[in-house]
Amino acid sequence: MTELADTALVDRLTEELKPAVARLEALRQEAFAKAALRLGSVAAVAVVGALVAWAGFGNVGVAILIAIIGVVVVVQWGKRLQRAYKDEAADLLLPAACAVFGDLRYTRQPGVFEPIGRMKQIGVVETHHRAVFRDLLVGRHRKTGFRVVQAVLRTHRRRDDMTGRLGDSIRNNFGDQVLRSISRGTGNVRLRSTSGPPRTVFDGLLFAIDVPANITGPILIARDRGGIGNAFSGFMKKIAAMQRVSFEDREFEKRFEVYARSPEAARDVLGPEMRQTFCMLDEMFSGKGVQAAFDEHKFFLAAKTKQGLTDPITVFKAMAAPREIAATLADRLTLAYRVIDHLHGHVSPTAGRPDAP
C-alpha cells in the first residue's frame, strides 16, 4: 500500500485522537507493568527449576523440559497480552477515527462477512472451510457503498493413503467417485482420509463495493497460478462455465487472466483505462495477489496483505507519536476510498479524502 492520506486529514485525525492516545498509553503502561511482573516470575521459576533439576539431580533432560515449558508459558502470555491490548486500542481509537470520516462504521469482531459465499463461488477467493474476520469497515464514498474486512481463510488438509495432495485435488475437482476409480485401477483400495493441520489459503483484505450499473457477470479478474496450481486450488472447477477472455495488453495479461460467461461484456467493462486501473491496484498492494470480480451490482476485491488496522500498535512500544499513529490509521482507513477512486478514474494527491466529489 503505497499512497498516504493527505496532510489535512492526518492533522484532523491527530487532534481528534490525542485524548484516546493518552488514555491508551496509560493503559499500556499499567498492563505492561503487571505483565512484566507475572512473566518475570514465571521466567524466574523456570530458571530455578531447571537449575535444580540439572545441578541437584543431574537430570539434563528434565532441566531442558522445564526451561522449554517456561519459554512457552512466557510466549503465550505475551501473545495473550498483545491481543487484549490491541482490542483495547481498537475500542478507543477506531470509533474516534471513524467519526472524522462521517459515514464510516467499525466493528472489531464482525463474526461474518456476507459476501464471502459469493466471492468463493465465483473464484475471487479459494475454497476454504474456516474463516476468521476482524476490523470490518462499512461506509460510503463518491455515493458508493462499500464493506471491507480483514480475513484469514483456512482449509482442512485431507490426506489419502494413495495420493496425498493429488488425491485432495482429484476429490475437490472431480469428486470421490473418480478418486475411488483411480484407486481401484492402481490396485490401492484404501481410501481412509486423515485430517492434518489447517492450511491458510488467504490472509488479507476483502472488499465488497457497490456498482451503480448492472454488469452482465460474473467477470473474474484472476491471477494465473499455472495448470497444476489451478487444479490444486479447485480454481478450474469454478471457472468451468466461463470462457477465457484475452486482451492485447501485455502489462495487464502479465498480471491477470480474465474469465467471463460473456466475453463481449468483459471487453466492454475492461477497457484500456479499467485495465490500467487494475494494474495500479495491483501495485497499490505491492503485487502480492490481487483478484477481483464484477458481479451484477457488486465489485469484489481480494488483496493479500497482513497489514491490519491495529498491527502497528503494540503493548511493548510507547505511544509517544500521536501524529504517526494518525497517519497510519488514515492510510489504512482510506484504502476502500482509494480503491473506489481508482475505479472512478480519479487519482490525485487528495485521493482518499472522505469529502472527495
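**Q** An account of the pairing of strand S6 (residues 257-260) is requested, with residue identities and associated values reported.
**A** Alternating positions in S6 separate into two faces, Glu257 and Tyr259 on one and Val258 and Ala260 on the other, with burial throughout. Both strand S5 (residues 243-245) and S6 contribute to a ladder of three bridges, which runs antiparallel. Bridge pairing in S6 places Arg244 opposite Tyr259.

**Q** Run through the packing of aromatic side chains, naming residues and quoting values.
**A** Taken as a whole and judged by the stated rule, the model has 10 aromatic pairs. Measuring from ring centre to ring centre gives 5.4 Å for Phe252 and Phe256, while their planes differ by 40°; the resulting arrangement is tilted. Like Phe252, the residue Phe256 is buried in the burial classification. An aromatic cluster is present here, built from Phe247, Phe252, Phe256, Phe278, Phe294 and Phe299 joined pairwise through their rings.

**Q** Help me get a handle on the confidence of the model for the chain, residues and values and all.
**A** When pLDDT is averaged across the chain, the result is 76; 69% of the residues are at 70 or more. A low-confidence stretch, residues 187-193 stays under pLDDT 50, and its non-local contacts, those more than four residues away or across chains, total 18 contacts.

**Q** I'd love a proper account of the packing of helix H11 (residues 322-333) against helix H12 (residues 335-343), names of residues and values included.
**A** Relative placement of two packed helices is described by the angle separating their axes and the distance separating the axes. Closest axis-to-axis distance for the H11/H12 pair is 4 Å, and the angle between their directions is 45°. In terms of their interaxial angle, H11 and H12 are classed as oblique. For the pair H11 and H12, contact is made by Asp331, Arg332 and Leu333 and by Leu335, Tyr337 and Arg338, respectively. For the contact of H11 with H12, a count of residues per class yields three nonpolar, no polar and three charged.

**Q** Describe the pattern of salt bridges, and please don't skip the residues or the numbers.
**A** If you walk through the whole model with that rule in mind, you get 20 salt bridges. Here Arg275 makes a salt bridge to Asp249, at a shortest N to O gap of 2.9 Å. Of this pair, Arg275 sits in helix H10 (residues 272-284) while Asp249 sits in the loop between S5 and helix H8 (250-255), and the two are 26 residues apart along the sequence. Side by side, Arg275 and Asp249 carry an identical accessibility label, which is buried. Between Arg255 and Asp282 there is a salt bridge whose closest N-O contact spans 2.7 Å. Separated by 27 residues along the polypeptide, Arg255 in helix H8 and Asp282 in helix H10 bring together distant segments of the chain. Classification of Arg255 as buried rests on a relative accessible area of 14%. Asp282 sits in the buried class, given a relative accessible area of 2%. Residues participating in the shared-partner salt-bridge network are Arg223, Glu251, Lys254, Arg255, Asp282 and Glu283.

Definitions and cut-offs
- Residues numbered from 1 in each chain as written.
- Predicted model: local features only at pLDDT ≥ 70, side-chain atom pairs only at ≥ 80, totals over all residues.
- Heavy atoms only, no water.
- Buried < 20%, exposed > 50% of the residue type's maximum accessible area, 1.4 Å probe, protein only.
- Helix = DSSP H or I, 4+ residues; strand = E, 2+ residues; numbered from the N terminus.
- Pairing = 2+ DSSP bridges.
- Phe/Tyr/Trp six-rings, centres within 6.5 Å; stacked < 30°, edge-to-face > 60°.
- pLDDT = per-residue confidence, 0-100.
- Contact = heavy atoms within 4.5 Å.
- Axes fitted to C-alpha atoms, helices over the stretch in contact; angles between N-to-C directions.
- Parallel < 35°, antiparallel > 145°, perpendicular 65-115°, else oblique.
- Nonpolar A, V, L, I, M, F, W, Y, C, P; charged D, E, K, R; others polar.
- Salt bridge = Lys/Arg side-chain N within 4 Å of Asp/Glu carboxyl O.

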